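# Topology and contacts: notes
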Amino acid sequence: MPSSITGNLFPGLFVGNYDHVLDAQGRVSLPSDWRSKDQETELVMIPTRDQALLLLPMATFMEFVSKAGKMAIANPKMQMALAYLGSASRRCRCDKQGRMALDREKLDSIGVKKNLKLIGAVTHIRICAPENWKMPDNPDDYLNEIQQVSDGTDGLDALGGLLQGIWNK
């Protein structure tokens, strides 16, 4: 997609997937469509449960932190969850050439040696070893999740409906 489209109309939209090779300094070039046109591109790298890392735009990460911080005030388990997230996360910034240094330890943890895959996940970027990326066997499972958003429902609405059905029996 031309950068003029995504860069001007849809900032923060990450679409497509790219195969990359880390340079000698452990950097990867972020596609120009994924970089900010007006300011520094700053992302936060967080771990996932499934052999991948996520790069979240700083604004998205800070929105989450604001919500989670309120929950953590009187919740020791949430405090520890945030401590884990903080210790396992890394700030990442693009240099003037669009290269981003990635933490070697984090890459090792997901099996990335030299080659990696950058996957546009609409609101964030997914990083994984090429052998760990495959399209879903049954895309309907994921399309159903998207359909809920399109229909204006979410998991809580579905759960509420399910509980309502149980209570009415």
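Above: the structure in question.
Read on for an overview of the structure. Quick caveat: nothing in here was measured; it's all calculated off a predicted structure.

We now examine the overall build of the protein chain. Scanning the protein chain for helices and strands turns up six helices and eight strands. In the protein chain, the succession of helices and strands from N to C terminus is α-β-β-β-β-α-α-β-β-α-β-β-α-α. By residue count, 30% of the 169 residues in the protein chain fall in the buried class. The long-range share in the protein chain, meaning contacts at least 24 apart out of those at least 6 apart in sequence, stands at 59%. Counting every atom, the protein chain has about 11,300 Å² of accessible surface; 57% of that belongs to carbon and sulfur.

Taken together, the six strands give an open sheet; going across it, the order is β1-β7-β8-β4-β3-β5, and neighbouring strands pair in antiparallel fashion. Both edges of this open sheet fall to β1 (17-21) and β5 (90-93), since each of them pairs with a single strand only. Each neighbouring strand pair of the sheet contributes to a mean axis angle of 25°, computed without reference to strand direction. Bridging between strand β7 (residues 115-120) and strand β8 (residues 125-128) involves four bridges; their strand directions are antiparallel. By the bridge assignment, G120 is partnered in β8 with I125. Strand contacts of helix α2 (residues 58-72): β3 (42-47), β4 (53-57) and β5, with the helix running at about 95° to β4, the strand carrying the most contacts.

This paragraph deals with the packing of aromatic side chains. By the definition in use, this model includes two aromatic pairs. Taking the centre distance of 5.2 Å and the plane angle of 85° together, the rings of Y18 and W34 count as edge-to-face. Linking Y18 in strand β1 with W34 in the loop between β2 (27-29) and β3, this pair joins segments that are 16 residues apart in sequence. For Y18, a relative accessible area of 28% corresponds to the partly exposed category. Residue class for W34 comes out buried when judged on its relative accessible area of 5%. An aromatic cluster is defined as three or more aromatic residues linked by ring pairs; in this entry it consists of F14, Y18 and W34.

Moving on: unusual backbone geometry. The backbone of Q51 sits at a positive phi, close to 55°, despite the residue not being glycine. Relative to the helices and strands, Q51 resides in the loop between β3 and β4. Of the residues examined, Q51 reaches a relative accessible area of 40% and is grouped as partly exposed. Although it is not a glycine, V122 sits at a positive phi angle of roughly 70°. Judged by relative accessible area, which is 47%, V122 ranks as partly exposed.

Evaluated as defined, the whole model comprises zero disulfides. C92 provides the cysteine sulfur closest to C94, a residue in no disulfide bond, and the two sulfurs are 8.9 Å apart. For C94, a relative accessible area of 11% corresponds to the buried category.

Secondary-structure assignment places T41 in the loop between β2 and β3. In this structure T41 touches L30, W34, R35, S36, C92, R93 and C94, once residues within four positions along its chain are discounted.

You can see L102 is positioned in the loop between β6 (99-101) and α4 (104-109). L102 sits in the buried class, given a relative accessible area of 7%. Each C-alpha atom of the pair L102 and R91 lies 9.2 Å from the other, and the pair is 11 residues apart in sequence.

Cut-offs and rules
- Residues numbered from 1 in each chain as written.
- Predicted model: local features only at pLDDT ≥ 70, side-chain atom pairs only at ≥ 80, totals over all residues.
- Heavy atoms only, no water.
- Helix = DSSP H or I, 4+ residues; strand = E, 2+ residues; numbered from the N terminus.
- Buried < 20%, exposed > 50% of the residue type's maximum accessible area, 1.4 Å probe, protein only.
- Contact = heavy atoms within 4.5 Å.
- Areas by Shrake-Rupley, 256 points an atom, 1.4 Å probe, with all protein chains shown as cover.
- Pairing = 2+ DSSP bridges.
- Axes fitted to C-alpha atoms, helices over the stretch in contact; angles between N-to-C directions.
- Phe/Tyr/Trp six-rings, centres within 6.5 Å; stacked < 30°, edge-to-face > 60°.
- Disulfide = S-S within 2.5 Å.

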